[in-house]
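# Topology and contacts: notes
This is what each chain is made of:
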Amino acid sequence: MLQPDSQPEPREEEEPNFAAFVAIDWADQKHVWVLQRTGSQAREHGELEQTPEAVEAWMQILLQRFGGRPVAVCLEQSRGALVYLLMKYPTLVLYPLHPATVGRLRAALYPAGTKDDPLDAELQLELLVHHRHRLRAWKPDTVETRSLQILAEHRRQLVDQRTGESNRLTQALKLYYPQALRWFDEVASPLAGAFLQRWPTLELAQKARPQTLRDFFYRHNCRNAELIQQRIQEIGQAMPATQDPAILRTGVLQVKHLIQSIALLRDSIAELEQEIDKLVRSHPDFAVFDSFPGAGEALVPRLIAAFGTQRERFSGAVDVQSFSGIAPVTCRSGKSERVHFRWACPKFVRQTFHEWASHSIGFCEWARVYYQQQRDKGAKHHAAVRSLAAKWIRIAYRCWKDRTPYDEQIYLDALRRHGSPLAAKLAPAKG
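Okay, so let's go over this structure. (Residues numbered from 1 in each chain as written. Predicted model: local features only at pLDDT ≥ 70, side-chain atom pairs only at ≥ 80, totals over all residues. Heavy atoms only, no water.)

### Describing the overall build of the protein
The condition that has to hold: We count a stretch as a helix when DSSP gives it H or I for four or more residues in a row; a strand needs E for two or more, and each element gets its number in order from the N terminus. Type-normalised accessible area, obtained with a 1.4 Å probe on protein chains alone, sets the label of each residue: buried when under 20%, exposed when over 50%, and partly exposed for intermediate values. Whether two residues are in contact is decided by their heavy atoms: any pair within 4.5 Å suffices.
Within the protein, the regular secondary structure consists of 19 helices and 7 strands. Seen along its three principal axes, the alpha-carbon backbone of the protein occupies a region of about 85 × 65 × 50 Å. A total of 431 residues make up the protein; the buried ones form 45% of that total. Summarising the internal contacts of the protein: among those between residues at least 6 apart in sequence, 62% fall at separations of at least 24.

### Considering the pairing of strand S3 (residues 43–49)
For clarity, the cut-off: DSSP calls a pair of strands paired once it identifies at least 2 bridges connecting them.
Across 7 bridges, the pairing between strand S2 (residues 30–37) and S3 is antiparallel. Residue pairing across strands places Trp33 opposite Gly46, the latter belonging to S3. In textbook terms, the turn of a hairpin is the stretch between consecutive antiparallel strands, and for S2 and S3 this stretch comprises 5 residues, one of which, Gly39, has a positive phi near 85°.

### Description of the sheet that holds S2
We apply this condition: Between N-to-C directions, angles span 0 to 180 degrees; the directions come from axes that are lines fitted to C-alpha atoms, helices contributing only their stretch in contact.
Within the open sheet, the 5 strands sit side by side as S3-S2-S1-S4-S5. Their pairing is mixed. Since the sheet does not close on itself, it has two edges, and those belong to S3 and strand S5 (92–96), each with one partner. The average undirected angle you get between the axes of adjacent strands in this sheet is 25°.

### Describing the nonpolar core
Short version of the rule: The set of buried Ala, Val, Leu, Ile, Met, Phe, Trp, Tyr and Cys residues whose side-chain atoms join them within 4.5 Å is what this entry labels a nonpolar core.
Phe289, Phe292, Phe353, Trp356, Trp366 and Trp392 are the most contacted members of the largest nonpolar core, which totals 56 residues. Not counting chain neighbours up to four residues away, the residues in contact with Phe292 comprise Trp356, Trp392, Ile395, Ala396, Cys399 and Tyr406.

### Thoughts on the side chain of Gln124
For Gln124, the position within the fold is in helix H4 (residues 117–130). A relative accessible area of 0% means that Gln124 is categorised as buried. What Gln124 contacts, discounting residues up to four positions off in sequence, is Ala23, Ile24, Asp25, Cys74, Leu75, Glu76, Leu97 and Val102.

Rendered as structure tokens:
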């Protein structure tokens, strides 16, 4: 079973000699900032508009005031419009905070529920000035890696939207045209969409001549004569699910709009995938992550983005396990101890490792055996997959750190050499 991670000791990193510390409470249009100079207890307050011009004017004041010396800036987000505005100034060292961090600190110090932007900015500044050793300065990765991260997340969002539209299309067809769901394996496919656009009701499909239907399927690359004949027969024999004009009229409109939406999403996803493929194949770490079983075209760019290119970012595989949320969390109170699922983590990264581990079961023998071992010990499916993901992270971390592609045989030989119980259940080594 996957063991919970221990609390890591704060890492002491060499930092610049900061001229001042600034905390910004982010908002959509206007930000509240608090500034404290090094060696002073006095604090200055102000507001900043969320426009490039306002940020540029504010930065010029800071640059002139502190003579270009480094300034530490704490803000309540790790990515977004404000970060993108600030990252172009080399004198700023950014310390992003998880949104829950300030909220929990506020709840601890002000249990009555007090909340306003200046107070949150003050709390952020307290963390930055007095507990900076527990924070990690944000260092932007390479342009290629950040582009992959943004495009991969956007692609996944579009895929989820397409799934949602497909589910809505299914529900609409169930009301007045359920036979179409039986005629096509995937209702969101181009073939199904073209058919429903031409014959959006059963009545219209039954008016079409058999040869017209046959020609349609041939033009849309469906060449299975037996399947085509079966569909034509079922179209002729089908009975309408309803004759209600209200259901038919609204259903046709819903199906029309959903088909158009799905087609647009399909084209957008294909365009994104082409751009991602160009970026990922030219990435210096492509060979490393492309070597892993079960990664595939969709997960390789996501794995590259999850690890990044900064080898100093993680001190060990346990850092990756904790950062991604794969490692569970231990809660101790008195004599009780409980291990539970980690919630505070980048969800897309956790999903990436979880999906990769799940896919690897079908491509890698030791992964399949290990997964089954966890199930035999009583672990549920997702817990067993997370345990496998933690094991994969340890392997991937070493390959990434050494810039060496994964070699299955080397890993299996290492298992046998160390007398791993997993090796005993695998097929004997060849030769």
